[in-house]
Every structure is written in structure tokens, then in C-alpha cells.
Amino acid sequence: MSSASTSSRNHNPHGLKPIDLDCIWGDLEEGINKVYQRENMPKKRYMELYTHVYNYCTSVHQSQTRIPSGKKPAKQAAVSGAQFVGLELYKRLKDFLHQYLVDLLSDGLDLMDEEVLRFYTKQWEDYQFSSKVLNGICSYLNRHWVRRECDEGRKGIYEIYSLALVTWRDNFFKPLNKQVTNAVLKLIERERNGETINTRLVSGVINCYVELGLNEDEANSRSGQNLSIYTEHFENEFLQDTERYYLKESSEFLRQNPVTEYMKKAETRLFEEKRRVQVYLHEKTYDPLARTCEKVLIEKHLETFYAEFQNLLNADKNEDLGRMYNLVSRIHDGLGELRNLLETHINSQGLTAILKCGESALNDPKMYVTTVLDVHKKYNALVLSAFNNDAGFVAALDKACGKFINNNAMTRIANSSSKSPELLARYCDILLKKSSKNPEEAELEDTLNQVMIVFKYIEDKDVFQKFYHKMLAKRLVQHMSASDDAEASMISKLKQACGFEYTSKLQKMFQDVGVSKILNENFRKHLDNNGSLDLDFSIMVLSSGAWPFQQSTPFSLPKELERSVQRFTTFYNQQHNGRKLNWLYQMTKGEIVTNCYKNRYTLQASTFQMAILLQYNHGNVFSVMQLQETTQIKMDMLVQVLGILLKSKLLNCDDSPDDDGELQPTSNVALFTGYKNKKLRVNINVPMKSELKVEQEQTHKHIEEDRKLLIQAAIVRIMKMRKVLKHQQLLGEVLTQLSSRFKPRVPVIKVRLHPLAL
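What you are looking at is a predicted structure, and each value in this text was computed from that prediction instead of being measured. (Residues numbered from 1 in each chain as written. Predicted model: local features only at pLDDT ≥ 70, side-chain atom pairs only at ≥ 80, totals over all residues. Heavy atoms only, no water.)

**Digging into the sheet that holds strand E6 (residues 681-683)**
Phase 1: Pairing within the open sheet is mixed, and its 3 strands lie in the order E1-E2-E6. With partners counted over all chains shown, the strands left at the sheet margins are strand E1 (589-593) and E6, one partner each. Taken pair by pair, the neighbouring strands of this sheet meet at an average axis angle of 25°, ignoring direction.
Phase 2: Across 3 bridges, the pairing between strand E2 (residues 602-606) and E6 is parallel. Across the sheet, the residue bridging to Gln-604 is Asn-683, located in E6.
Phase 3: Where helix H24 (residues 607-615) meets the sheet, its contacts fall on E1 and E2, and the angle it forms with E2 comes to roughly 120°. (Pairing = 2+ DSSP bridges. Helix = DSSP H or I, 4+ residues; strand = E, 2+ residues; numbered from the N terminus. Axes fitted to C-alpha atoms, helices over the stretch in contact; angles between N-to-C directions. Contact = heavy atoms within 4.5 Å.)

Listed below in C-alpha cells is the structure:
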């Protein structure tokens, strides 16, 4: 008696009563049926149905599994037999859902288009809601029996909601999906044609297709959606339908409309498809849909776009160019041809603009640089606005500017690629030289920034450096700089662009100017203490290696200036032992006050002009030869100096010059006592044409000499580092190293290499 009682407690430790499924199924089926009929259900009735499932699942009605003697029971078997109960209930639920859907299907088999969509979406929404309610009623069955079956790896067992989805898929979706999908595609086509549709019908079907995408590798579908149903039964067909639709529409539209209107249409269509995904399709569809639309609407018509691109550039239709860029940028490698077309166009426009300037631009640096900047400004704005400052289009702009700036009508007329840097340097000289037209500081700074844009594209930066160096030296020596701050700013910009070495001499020149100011102050103090001069006298002491001036030409200093020069030389030698001063008389200037005319004039003159005019303190007429002997100025230069004095009517020549208009050594030059001028302060120190020409030729000669040395230095540096190198590799490395200064020609490199190889 005691033993039997113990055995009973072991099998049913909680004293649970056995429950027959047939006893509860009638009431449970009735309740479930009401759930699927969408009838109102009180909370009490819901709990009754839940209790039926709970009681059955915890029932010990089914026989227990025997555990062989000698083996320990498994962990899950240690509770009771409740977790094994549920298979019969699961089967009956499955049969109920199957029968419900079979009965429901008969009402929809003959429906088409919107009718089948309304039927399908309505039934799906009701069924989905009811199945979620049923899932709640059977939650205990899910947590215990279904989970146990899943954990043991049994196939074909799902949580009740997932079971409902599988049953819908097999018994309702499969018979209807073709007509439902076709109806959805027709509805979408109607919307593409401009009709207003009920998007809820589409979104309802899409939600169903997505929900049915169960991952059946996981029996309880906890791993989420895999979108297999959606992709296979809707998305693939939708993409094919989309391609067919737009292939036909785009071809017809292009035949009847210009490309600019087609681009607007394509832009609109792409936006509509994006919105379509946002409104009622799954987000996964966007990428393949976008690729399909881009392929049909853009990629298949790229050649048409490329042909139209040139027309849009010619017509300056920036808005349409921006639209084309946005469309073509969607295609892989689609922009390459547009970049090439833009580069060719900008180069052509630049060459044309410079050609229109004519030969006058050779002597008008402002016109030349302004023309270049206008072209750059126009197309830089285009790249910024229409092409979104795309790196590829910025590179195309840079290449095109580099081409037409370094090789254009002006460089061909001058027969030299170095004409552009020379004109740019001369333009800088105009900007930075003191004049009545100097702009405000802020405007000047902006203009210098614009200059640096052109400088960036110049290949022969060494040519610019040479000319800028010479012109800066003249501005500093002649005290003609408009602004020290502007000069320093320009040097800073050049240093930033090309490095310290590029501007080292320029900076040293500024240091010399500062040192000279201090030296002049000390010299004036020295004169105050040791007896002053009869005239104002100031000097600039320049470092011979930093300044681009040639050695002084032969010249006999006028007696009026000798004492000043001697006094300063003595003073400087006392200050700096071992240094030697070389006087650059051709760079000096001064002022002469006249007493021989009706009015008292102050003449601003070069020292050579002063030396000639001072001779007329000792006589009124001198031959050219006499003046040359007295001043020791070279005859060719003396003739030019006299020419300026004759032109200004300070002197006159009664003797007729030769056939070329040149003065002869025997020509007599007299002081013109009837000289008149409205200004009492007159500047006669103007540059001589031949002097400018000689200087220009010398500058180019020095550039060539410097380049030879730079090429040889680069070769030596490379070979010291590499020891052994193939000829072509050496040429390549030399070109690379020197590209920041100038672009050496390969034959020149070979010539400079030859003496080093011996």
C-alpha cells in the first residue's frame, strides 16, 4: 500500500488531473472560430480559452516515458510529463487553420485586378490579427511543448502564429499569388501613368509577402524574415516590369522631346520610384530598383547625354549641366567622358579668349592675366555649382587651365612657353608698384590671391621667379613699393606655394632694406658730429648674392657728388672692416634744382642724366664726344640718355641726326634756356627701351644657365642616392624632381647628363 502510493506521487507530484482533448476541444474550437470571425470577445472568455490550453498542456493524461534503470533522468524530464503534452492540440489547431483558409479561398479564386487586391488585403489583415490573438491563447503551448520540440530538432513545428503564416502561405497565398502580384503591378503601372491609386491595397499585399518570408531553418522562426517570398513572388517581377515600362517610355519621350526635357523627366521618375519604396514597398527594394531605373533611364542613353553636354556648355546652361551631372554620376564610370569634354571645352575657351586679345596683350600684362582669370572664374563657378565641386571636374579644370595658360597665342607669338610667367610677373609689378591707381589694401590682397590662381597653373615657375625678383629689386631700390605689407604678403604666398628656397633671396632683399635704413640713420648722426654734406644723401647697401643687379658700368662721378661718396665709403669701412663696396651708379638717382630757366624747377633724374646736366654749369654747348669723355658713359647708352633729355626739351640739338635718327659723336647738344613746364617738379627718369630689351634678354639667358645647373644638380642627387639607375628611370626622376620649378625637355637633360657621365 505504501509502495503504490509512493509510485503514484513520483509520476504525478503535483496531483494534476488527466484531461481528454475531446472534452475541451468543442468549447476551444468555438472560441477560436469566433476569434477568426472577428467577433467581440470579453476578457473573461479569452481567459477561459487560455485556461483550456494551459490545463491540457499541464495534463498527465498521456503515458509517461519510462526511464531505464541504472540511468539518471535527463534534466528536462525531471519536472513532470507536462512538457510532452501538446501534439494532438497542435494538430487540431493546424487542421482548423487549414479548413478555415480552404473555405475562405473559394470566394477569391475568380476575382481579378483591384477586386482580388481588396479581397486579399482584407482577409490578410483579419487573418493576421486573429492569428496573433490565437498565438496569445496558445502562449503556454508555445513556451513549453513547441519549444521542447524545437530544441530537440524536430522539423515542421512552429509557434502558433508562425504556423498560421505557414498555413496561409500553403493554402491561400500559393493559389492566389500570381493574380494578386499581377494586380499589384497593374496598379503601380496606373500610378506611373499619372492615375491616383489606393496605395493601401499595394502596401497590404507587400506587408503580407514580407511577413510570409519565414526562415524555416529555425523551426520557431525566431531568426526573423528572410524576404524570400517577397523577392521571388513580387520584387523580381516588379523589377522586370519596371525595366520594360521605362525602356519603352524613355525611347518614346526622347524621340519627341529635347534631351533637357528628358533629363527633367528622368529626374522626376527617379524621385517617384524612391518615394514609391518609401510609401508602400520594402526598403530592400530601393537599391535594385534604383539600379534598374538608372540602367534604363540613364545608362542606355549615355551617348545622347554626352552629345548634348557640349551643347549645354556652349549655351552656358548651368542648371541643365548640373542636372546631367546628377544623373550621370549614378552610373559607374559615367562621368569620365563628361570630364574629358569639359577639359577640352575650357581649353578651347581659354585659347579663344587669349586669341581675341590680339598682340596687344604681349605688352599689356593686365589684359592678359585678367582674360585668363575671367575664363577660370567662369568655369570654377560652373564646377562649384553644377558639378558639386567634384574632384574629377576640379582636376579637369586644372588640366585645361594649365594647357591654355602655358601654350596659347601669346606664347606662340613670343615663340616661348615662358611668356605667361613673364607677363604674370609684370602684372604683379603693376599691382605692387606705387601709382595713382593703386587699389585699397583689401582689394589688393584679393587681387594677389587671384594672381596665385594663375601662378598655380604655370609650368615655368623659375621664369616667374627671375622676373619677379628683378622687378621687386627695382621697386625696393627706387622706393616704389605701394605697400610693404602687400609685398610681404605676396612673398608669403609664393613661399607657401613653392617652399622656402624659392623665396629666400626675396626675403634677404627685405632684410637688406631694413639694415640700410639703420645704416642711413647712423650715417646722418656721423655727419652731424663730423660736419654735414652740402646735399641730402642716402644709400642702400645690398648683399651681392641676393640682388639681381649687374656690376656697375664705367662712369665718372660728377665732382658735386664725389665728396658724398668718399665720406660714406670711409664711414662704412670703419663700421665693417674687410668689406668692399661696389657702386651701382646705373641704379642711382637724385634731384637737381635749376636756376637757368624762368621758373625754378626740380628735376628728378638718374645719376647719368644728372652728370650730363651738371656739365652745363661750365658751358652751354657740348658735342656728344665731349660729354662722353667727361662722363665716361658708354656711347650707346649716352646716346639714349641724351635722347630722353632732348625729348623732354631740356636740351636741343641743332645738328641734324643721321638717317636712322641717331646722334653722331660730332653732334652739338646745347642747353635749351626756353624750357617750360606746367609742373615745377618734373620726373625725367624714365626707363630706356634698349635697356629694358637687354635686361629681358639677360634674364632669359640667366634662366637657361640656372636650368642647366639645376638639371645637373638633380642628376647628381638622384645618382648619389640610387647608385645605379636605368637611363629612362633617371630621366623620369629628374622630370619629377624639377616639375615644381619648370618642365625640362628630355633632350636638354641628355645634354646635361653627358659631361657628368664622362
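This is not the end of the story, as more comes after the structure.
**Quick word on the side chain of Thr-594**
Phase 1: Relative to the helices and strands, Thr-594 is located in the loop between E1 and E2.
Phase 2: Thr-594 gets classed as buried once you look at its relative accessible area, which sits at 8%.
Phase 3: If we ignore the near neighbours within four places in the chain, the residues touching Thr-594 are Asn-599, Arg-600, Tyr-601 and Leu-603. (Buried < 20%, exposed > 50% of the residue type's maximum accessible area, 1.4 Å probe, protein only.)

**Topic: the sheet that holds strand E3 (residues 621-623)**
Phase 1: One open sheet accounts for 3 strands, arranged E3-E5-E4; its pairing is antiparallel. Of all the strands in the sheet, the pair left with one neighbour each is E3 and strand E4 (651-653). Here the average twist between neighbouring strands, direction ignored, is 30°.
Phase 2: In this structure, E3 lies alongside strand E5 (residues 668-671), joined through 3 bridges in antiparallel fashion. Counterpart to Val-621 in the pairing with E5 is Ala-670.
Phase 3: Helix H25 (residues 624-631) contacts E3 and E5 of the sheet and is inclined by roughly 85° relative to E3.

**Details of the pattern of salt bridges**
Opposite charge on two side chains permits them to pair, given that their charged atoms come into close proximity.
Phase 1: Scanning the entire structure with this criterion turns up 37 salt bridges.
Phase 2: Arg-45 is the partner of Asp-27 in a salt bridge, and the nearest nitrogen-oxygen pair spans 2.9 Å. Of this pair, Asp-27 sits in helix H2 (residues 21-36) while Arg-45 sits in helix H3 (residues 43-57), placing them 18 residues apart in sequence.
Phase 3: The exposure class of Arg-45 is buried, given its relative accessible area of 17%.
Phase 4: In this structure, the salt-bridge partner of Arg-276 is Glu-273, at a minimum N-O distance of 2.5 Å. Taken together, the residues Arg-276 and Glu-273, both in helix H10 (residues 259-280) and 3 residues apart, mark about one turn of the helix.
Phase 5: Counted as one network, the salt bridges with shared partners bring together Glu-114, Arg-118, Arg-190 and Glu-195. (Salt bridge = Lys/Arg side-chain N within 4 Å of Asp/Glu carboxyl O.)

**Some remarks on the confidence of the model for the protein chain**
Phase 1: Residue-level pLDDT values for the protein chain average 82, and 89% of them are 70 or greater.
Phase 2: In this model, residues 1-15 is a region of pLDDT below 50 whose contacts with residues beyond four sequence positions or in other chains number 3 contacts.
Phase 3: Predicted confidence for residues 61-83 stays below pLDDT 50, and this span has 19 contacts to residues more than four positions away or in other chains. (pLDDT = per-residue confidence, 0-100.)

**Quick notes on the packing of H2 against helix H4 (residues 87-105)**
Phase 1: Axis separation between H2 and H4 bottoms out at 11 Å; the angle between their running directions is 35°. Between H2 and H4 the crossing geometry is right-handed. Contacts between H2 and H4 pair Leu-21, Asp-22, Trp-25, Leu-28, Glu-29, Ile-32, Asn-33 and Tyr-36 from the former with Glu-88, Leu-89, Arg-92, Leu-93, Phe-96, Leu-97 and Tyr-100 from the latter.
Phase 2: Residue composition of the contact of H2 with H4, by class: 10 nonpolar, 1 polar and 4 charged. (Left-handed = near helix turned anticlockwise from the far one by under 90°. Nonpolar A, V, L, I, M, F, W, Y, C, P; charged D, E, K, R; others polar.)

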